[in-house]
Amino acid sequence: MDTPHVKYRHEFLGNIFPWVAIGVLLGLIAVYVPLEITLAVVAGILVLKYVAKHPELGILIIVILTSSIVFEESLPLIPIGVGSFHLSDVLLLFLLASLGYRHIADKGLTFAKSPLNLPLLLFFAVSMVSAVMSVTRYGSDFADVARLVRTISYYLLFFIITNLVTEQARIRFLIKGLFAIALVVGAAMVAQAIVGESVMLMPGRIENASSIGKEFGTLRILPPGQMLVFVAFMTAICLLVFVQDRPVLFSGPFLMLPVLGAGILLTYNRSYWVAAILGVMILLVITATDNKLRLMSLLAVVFIIGGSLTAMYGGSGGKLGTMVDAVSHRFSSLFAGKDLSKSNPVDDRRTENEYAIAHIKRHPLLGIGLGTDYRPKIYGKDDTLTYYVHNAYLWLLTDMGVIGFLCFTWFYGGFLVRVAGHWQRIKDGFMKSAVAGCMLSGIGILFLAFVNPVFMQWYSIVIIAIMAGLAESIFRLNEAGQTDTLAASERPYG
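Report on the accompanying structure. In this text, all values refer to a predicted model and were calculated from it rather than measured experimentally. (Residues numbered from 1 in each chain as written. Predicted model: local features only at pLDDT ≥ 70, side-chain atom pairs only at ≥ 80, totals over all residues. Heavy atoms only, no water.)

## Regarding the packing of helix α5 (residues 117–136) against helix α16 (residues 392–422)
Helix packing for two helices is described by the angle between their axes and how far apart those axes are.
Line of reasoning, step 1. Taken N-terminus to C-terminus, the directions of α5 and α16 make an angle of 170 degrees; their axes are 7 Å apart at the nearest point. Classified by the interaxial angle, the pair formed by α5 and α16 is roughly antiparallel. Between α5 and α16, the residues in contact are Leu118, Pro119, Leu120, Leu122, Phe123, Val126, Ser127 and Ser130 and Leu396, Asp399, Met400, Ile403, Gly404, Cys407, Phe408, Trp410 and Phe411, respectively.
Line of reasoning, step 2. A breakdown of the residues in the contact of α5 with α16 according to their chemical character gives 13 nonpolar, 3 polar and 1 charged. (Axes fitted to C-alpha atoms, helices over the stretch in contact; angles between N-to-C directions. Helix = DSSP H or I, 4+ residues; strand = E, 2+ residues; numbered from the N terminus. Parallel < 35°, antiparallel > 145°, perpendicular 65-115°, else oblique. Contact = heavy atoms within 4.5 Å. Nonpolar A, V, L, I, M, F, W, Y, C, P; charged D, E, K, R; others polar.)

## Some remarks on the packing of aromatic side chains
Line of reasoning, step 1. As enumerated under the stated definition, the model contains 21 aromatic pairs in all.
Line of reasoning, step 2. Ring geometry for phenylalanine 408 versus phenylalanine 455: centroids 4.6 Å apart, planes at 55 degrees, classification tilted. Linking phenylalanine 408 in helix α16 with phenylalanine 455 in the loop between α17 (429–448) and α18 (458–479), this pair joins segments that are 47 residues apart in sequence.
Line of reasoning, step 3. On the accessibility criterion, phenylalanine 408 (3% relative accessible area) is buried. (Phe/Tyr/Trp six-rings, centres within 6.5 Å; stacked < 30°, edge-to-face > 60°. Buried < 20%, exposed > 50% of the residue type's maximum accessible area, 1.4 Å probe, protein only.)

## Focus: the nonpolar core
Line of reasoning, step 1. Formed by 130 residues in total, the largest nonpolar core has its most connected members in Tyr155, Met227, Phe230, Phe415 and Phe455.
Line of reasoning, step 2. Each residue touching phenylalanine 230, except ones within four places of it in the same chain, is listed here: Ile264, Tyr272, Ala275, Ala276, Ser441 and Leu448. (Core = buried A, V, L, I, M, F, W, Y, C linked by side-chain atoms within 4.5 Å.)

## A short note on unusual backbone geometry
Among all residues save glycine, negative phi is the norm, and among peptide bonds the norm is trans.
Line of reasoning, step 1. Its identity is not glycine, yet tyrosine 268 carries a phi of approximately 50 degrees, on the positive side.
Line of reasoning, step 2. Relative to the helices and strands, tyrosine 268 is located in the loop between α10 (252–266) and α11 (270–286).
Line of reasoning, step 3. The class of tyrosine 268 is buried, set by a relative accessible area of 1%.

## Re the packing of helix α4 (residues 87–105) against helix α7 (residues 157–164)
Line of reasoning, step 1. Orientation of α4 relative to α7, taken along the N-to-C sense of each, is 45 degrees, at an axis distance of 10 Å. Accordingly, the angle class assigned to the pair α4 and α7 is oblique. Where α4 crosses over α7, the two elements pack in a sense that is left-handed. Contacts from Leu92, Leu95, Leu96, Leu99, Arg102 and His103 of α4 reach α7 at Leu157, Phe159, Ile160, Asn163 and Leu164.
Line of reasoning, step 2. Residue composition of the contact of α4 with α7, by class: 8 nonpolar, 2 polar and 1 charged. (Left-handed = near helix turned anticlockwise from the far one by under 90°.)

So this is what it looks like as structure tokens:
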């Protein structure tokens, strides 16, 4: 039997001492740690606690940090001794750790099966080997290679979605959240175009639009959210076609399209325009007759509005007139033939391709290593992107060789094959639209990748991984018969 002294000691150690220790720790933090850092840590812990229960929110925060109007240079860094983490890196690692913990804690929980699991894991493994080879064999800077490793690691969002975002409510919340972010990006781009360069609403790449040597007095805006806006635009068109709860002109998707469409136009990126047109043409061919009528109605409205704006403001000067002239001239440059092929951007990319192909021939299997310089500084002393290839296919082949390229093609091609084979089987219009939007966007990305390294850029990798993961989660819900049981209050637009 314990004496009163022993009981008091046990009570102190078990009940009082932990609180004393916490109090001492908080006191030390208050004295030696700046208040703003303390508050940031506390806020971060609270966010992570909530994200653990709602992983879809964590994914949306990652999208806001990487694929909206926030540029990489604007993100605060968390030093870790051998480098640093971005806030989005912490969230990604936390979600991956949460996924691992759930499988360890719950022995009955199985890892979500998908034909895309193996090729993605193999691609990630090859990229890690390529990174090590780049540093050890070719002497690339460790920090530069680490940044590319960080970028490619965001493909792992696929596994987070397929394993943690599996209920219908979570999937719908994630899709609607992505639309909300895309609309904010599109609206910010429109606002920036209106106010001009006098007030910078977003950091990053904002420049004068030009076309085949001709420069216009309007802004070309290229935020990290450009890929998200493109995917949201294609998905909104699918929603308008497949969710027929209201007439075209009064439906929710129709009200979103002007903002998202303006965002795509303001990039002045012809590859996005071509990809969008291609997607609409494919949808027109594959959809049923009643859906064709809704899509044709939309196209008629677009042609009427576009033609009216061109007739009224073309050549009239002013911001809107200049914008109309820039869009018209840049679009017509697609048919310029020799003039387009001899323009400076095309000529520069042809030079890049020649250097890349030369290395691919010399190192066909594993490439020259992730982030290794493949060309000299041919554009002057400020030319620092000597590892960057505008052609995404050549970038993959240059850095990771045929092996890495085939692993990625297996993953991305498998994603396209699966969405093409499953989208018509989905009964719920909202979910069907999401998968069809991913399919059309994914096909468009195939063409984008010839002139835009979307498979190797941070902001687009996040969106590609989310597209593939969402599609897989929706497939499983549909196979389980859980996508056609929505209450009226849960329907997307009333």
